[in-house]
Amino acid sequence: MAVEIISPDWEFDRFDDGSQKIHTEVQLKNYRKFLEEYTSQLKGIEEALDESIGDVWDFTLDPIALKLLPYEQSSLLELIKTDNKVLNKVITVYAALCSEVKKLKYEAETKFYNGLLYYGEGVSETSVVEGESQIQMGRFVSFLQELSCFVSRCYEVVVSIVHQLAALYNSNKGATKIIESSGVHFQIVYEHLGELLVVLLTLDEIMENHNTLKDHWKMYKRLLKSVHHNPGKFSIPEDKLKPFEKLLLKLEGQLLDGMILQACVEQRFDDPGEGVAVSKNSAFAEEFAFNIRTIFASVESKIGEPSEIDQRDKYAGVCGLFVLHFHIFRSVDKKLYKALLDVCKKVPAVTLVANIIWFPDTFLTNKVPAAAKLMDRKSLQAIKAQRDTYLQQRAQTLTKDIQSYYLFVTSWMMKMESILYKEQKSEKLQEDLNSRCNVFVQGILYAYTVSTIIKTTMNMYVSMQRPMTKTSVKALCRLVELLKAVEHTFHRRSMVVADSVSHITQQLQALALSAISIAKKRVISDKKYSEQRLDVLSSLVLAENALSGPSTKERRLVVSLALCVGTQLVSQEETSFYTQTVNRKLYLVCSLFLRVKLQCDCSFLYWHRAVFPIYLDDVYDNAVDAARIHYMFSALRDSVLSMMHSKHMESCDQLLESYDKEIMDVFKEHLLDKLCKEIEKDLRLSVHTHLKLDDRNPFKVGMKDLAHFFSLKPIRFFNRFIHIKAYVTHYLDKTFYNLTTVALHDWATYSEMRNLATQRYGLTMTEAHLPSQTLEQGLDVLEIMRNIHVFVSRYLYNLNNQIFIEKASNNKHLNTINIRHIANSIRTHGTGIMNTTVNFTYQFLQKKFYIFSQFMYDEHIKSRLIKDIRFFRETKDQSDQKYPFERAEKFNRGIRKLGITPDGQSYLDQFRQLISQIGNAMGYVRMIRSGGLHCCSSAIRFVPDLEDIVNFEELVKEEGLSEETQKAAGVLDSVLGDLTSNSAEGTEYFKMLVAVFAPEFRSAKNMHLRNFYMIVPPLTVNFVEHSISCKEKLNKKNKSGAAFTDDGFAMGVAYILKLLDQYLEFDSLHWFQSVRDKYKKEMNAVVKEQSVQSANQDEKLLQTMNLTQKRLDVYLQEFELLYFSLSSARIFFRADKTAAEETQEKKDKENAAKAGSSADSSTPADPASK
């Protein structure tokens, strides 16, 4: 490929017509437009995803974290570079020792303190298994071994620091001077040494207060003893036991006897081999004492003041240094000792870590007994008495404190919000940064003060075993909320704070650099040469170099050390402002978020979690500011990180789980469950106001607006969100649903309560879609089937409406069963249940027909019936072929002579009931068939044309779809086929039940049943009397035995007549015609009598006549109703002539045989064989 080469000459005289510039501008404009569109799209997406996304950094949802710690990959050796090699070495040594102290302190704070503090936690006292304590200690021994190594390392570092300082300040005239040390005070090194001594002191205090650890240690030693006596049983070689026991003894002596700090200060610091004299070094002793006094002076002025930041920790360090000084040099500065003790009046106790509180006066008297002897007893006792006074004052002023701090913190929060929204003007940048810096520092100061109040008060109450009032607990909890509010404010605005911090740091560094450059000029201006001036100059250059870069803790340390040397020739006023103020601000601002986290850390609440129930009760009672609960949960969550370092369990997750469970149980008991019950109660009382249950006047009984709880955001705790609104909604949904299923008639009340919950509390309730078989079911088909004997005796059948009504009930209402109920049941259980039901009915009928046969076989009954049949045959010509009414009435009355049951029923009454039950069973079968048809028709209503249903299987095969699809299509075809056949005809159950019993009824051995048609007239008379008495009871107060329908009797009579093929015989009696004639005749007689009596005007007789006429009307009407029912029932059993039926069937069979299909003739026989 040819490449075109442009000659270099052409570059010079290239013509610029400005077109390129125009083109560039167009492209930039397009690019800007694209960016704007893209930004607006992103913003749209952001808003659509979540309305809460904005400038606010949510504490509970930290997908990413923002860390502001300055960082660089430079070592101390790289940072400390000047031409003055000796100075380099001195600064490097001290810097290395100080950073080593910081590392040890960090390791102690994160790993060892927490490991020791949480030992034995997470195990409930009730469920401790025998031997669990020893197992825990067994897991813990390796941790104690690590702690032992750590303590030894601390001892070495303390010795090293003392040696390095002693080497610099040497009173031995013969020794070579390293640098000119007069006027040089490495105060920062002493502060670091103090910090390391506080670490050892803290470990001592933890061990001292840890009874569980001591108890378990004793148990573990006993266990070892038993292992020692029988090593074979535990399969442990004896040669390993002795070294292990020695190790345990060493651990006990070093760690558990409270001698960690004591052993450190009692070390042998003089080492002739190293050539360093310590205890006899008067210059070093003086320098040591001077630095203790200097540090103490700076601590004393600030401790207990609003501007206090870490003076308490430094005070503990000073006390440690004082004890170390005493043990090395064996001299006591009585004035300083007294001053140290006087601080206890202001600060009676210092919280070292979590729930470990340290009393300086006790420490100083125990560790420096020589000085304690010089003090008078009274002043020491006065200091101890000060503790109680402090607590009493605290209890009294807590409520006032909380109010003032509420004001301070909220106004500070407003400042934070306003200052960060203010636009920065370039001309006022310095002023703006200053104000921001001051606001940030003020936040940290408030956090420190509040945190100190909470920790000191709570820990002192526990340590001194004094009871705390509920008011104090509530006030302290409010302070915890304030503390968390400060942290949340910093976190919420972390984006803007992060932006400001880097600018503030640069500004402060610039201030420091300008101060150093002034000092440098002054030193250079003095022309006299001396080594001291050279050191000063070198150290100022070193400080400048260190300040010109990121403000990491290493660089700040180097600056501090360099200035210890560099400020000796500069006037005190000049240096103090910049070194103290600027350095202090730099220290706070550079580690701003670390400081905030440290000051607002509430992990100590784990040891005071007994206050949580009281706090929750308070939140519940004052629901208006329920949102503060977020702060408390945030505080309780703080201890999770420290729990991760627990070593006594198989996994720290067990401890976390037990903590999680404990807090959640308390939260449910004291807030959630109370809230649920209260809301439910309120809804119930509101819905039942018409009952006037109790006085709910808010002016008298007060009013609690619990709706505030439902506007809370979900609370995050561990790996779950607690949504109060969702919890209460779920509780109400569950309760309402369960109670509705128990008492279906209350569904309306619960619907009302649901609506009220939505209106009043804004709860989104779920509609209780109870399954369809529950509301429209009545008795279930399965239940009726299993208890058919009970059902037919307790329910009455209505032929026209196809409905069963309960005879009597203990409730205020009677149950009914109609076709819809049955259809729903069939839909629930499937159509297969229909055949099973008919089968059960068949078995029931068998038993009933046996009783029926026995009754008909009875001699008294049989003889009367035969006599009546003979009588009718002989007299039918005279009586116009009608069976006389009087004869039937005589039979009905005559049977009563045979005997009566205890409840006043004759044998004929019982026989009538038997026939009614048989009829009810047939009515039930009819209803099953109708229900089946109803169910099938509703199921098939989605099929467009029942006449033309396509074959899905064939269609699927044509399309060549998978085998599974073909199977599915086949199943669909069979389902549609079943539904079509069922909905079209249904099964002829009556025909089956006739066919199965008829041959037996009509056989020669059951000849006694042939008399049945003759008992029907007396039975109808009996039934009519019974029916009228039941209907009359409807209008009475006592309605037991009242009824308005009982068509089971008509069904039963029609069915039995069909079985015996006696329709013709019964019709030959012309019974109902005879009844009509009899009543009409009587009524005519009454009318005649009335006309005669009305002429005579006999009132009483007329009234009697009217009543008689009414009674005759009622009887005639009842007989007519029975006649209609019986006629209707007969239609079901096709009351044709038997001979005609038989001939018809024969013809059908012949036709079927000719057609070559026997299917039609065999189907009716199949069910009959059941």
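Residues numbered from 1 in each chain as written. Predicted model: local features only at pLDDT ≥ 70, side-chain atom pairs only at ≥ 80, totals over all residues. Heavy atoms only, no water.

Participant: Could you clarify how one ought to interpret helix α36 (residues 885-896) in this entry?
Facilitator: Spacing of three or four residues puts side chains on the same side of an α-helix, whose turn is 3.6 residues. The end-to-end C-alpha distance of α36 is 18 Å, a good match for the 16 Å that 12 residues give at a rise of 1.5 Å each. Taken together, the buried positions of α36 are F885, R887, A888, F891, N892, G894 and I895. In this structure, the buried residues of α36 make contact with α35 (859-875), α37 (907-939), α41 (1012-1033), α44 (1071-1096) and α45 (1099-1132). (Helix = DSSP H or I, 4+ residues; strand = E, 2+ residues; numbered from the N terminus. Expected span 1.5 Å × (residues − 1). Buried < 20%, exposed > 50% of the residue type's maximum accessible area, 1.4 Å probe, protein only. Contact = heavy atoms within 4.5 Å.)

Participant: Help me understand the packing of helix α26 (residues 652-687) against helix α29 (residues 747-761), please; the structure alone is not making it clear to me.
Facilitator: When two helices pack together, their arrangement is captured by the angle between the axes and the distance separating the axes. At their nearest, the axes of α26 and α29 sit 10 Å apart, and the two run at 115° to each other. Crossing angle aside, the handedness with which α26 passes α29 is right-handed. Between α26 and α29, the residues in contact are I679, E680, D682, L683, R684, S686 and V687 and T749, Y750, E752, M753, L756, A757, R760 and Y761, respectively. (Axes fitted to C-alpha atoms, helices over the stretch in contact; angles between N-to-C directions. Left-handed = near helix turned anticlockwise from the far one by under 90°.)

Participant: Help me out: how do you make sense of the nonpolar core in this one?
Facilitator: Note that soluble globular proteins tend to have their nonpolar side chains buried in a common cluster. Ranked by size, the top nonpolar core spans 230 residues in total, and within it F186, F667, F709 and I724 carry the most contacts. The element contributing the most residues to this core is helix α5 (residues 132-168), with 18 residues. I724 has contacts with F667, L671, L672, L675, F709, F710, L712 and I715, leaving out every residue within four places of it along the chain. By size, the runner-up hydrophobic cluster in this structure holds 93 residues, among which are L908, I915, L1057 and V1075. (Core = buried A, V, L, I, M, F, W, Y, C linked by side-chain atoms within 4.5 Å.)

Participant: Got a minute to help me understand the sheet that holds strand β5 (residues 795-798) in this structure?
Facilitator: Pairing between the strands of a sheet is mediated by backbone hydrogen bonds and can be parallel or antiparallel. Judged by pairing direction, the sheet is antiparallel, and its 3 strands sit side by side in the order β5-β6-β7 without closing on themselves. Each edge of the open sheet is held by one strand with a lone partner, namely β5 and β7 (816-817). Relative to β7, strand β6 (residues 803-806) is paired through 2 bridges, and the arrangement is antiparallel. If you follow F804 over to β7, its bridge partner there is I817. Where α37 meets the sheet, its contacts fall on β5, β6 and β7, and the angle it forms with β6 comes to roughly 130°. (Pairing = 2+ DSSP bridges.)

Participant: Would you mind going over the environment of V157 with me for this structure?
Facilitator: Note that V157 resides in helix α5. Judged by relative accessible area, which is 3%, V157 ranks as buried. Each C-alpha atom of the pair V157 and L104 lies 9.6 Å from the other, and the pair is 53 residues apart in sequence. Residues in contact with V157, not counting those within four places in the same chain, are E100, V101, L104 and L196.

Participant: It is not clear to me how the pairing of β5 should be interpreted in this structure. Could you clarify?
Facilitator: Note on strand geometry: in a regular strand, side chains alternate between the two faces of the sheet. Of the two faces of β5, the one holding Y795 and Y797 and the one holding L796 and N798 are both buried throughout. As defined by bridge partners, β5 adjoins β6 across 4 bridges and the pair is classed as antiparallel. Directly across from N798, in β6, lies its bridge partner I803.

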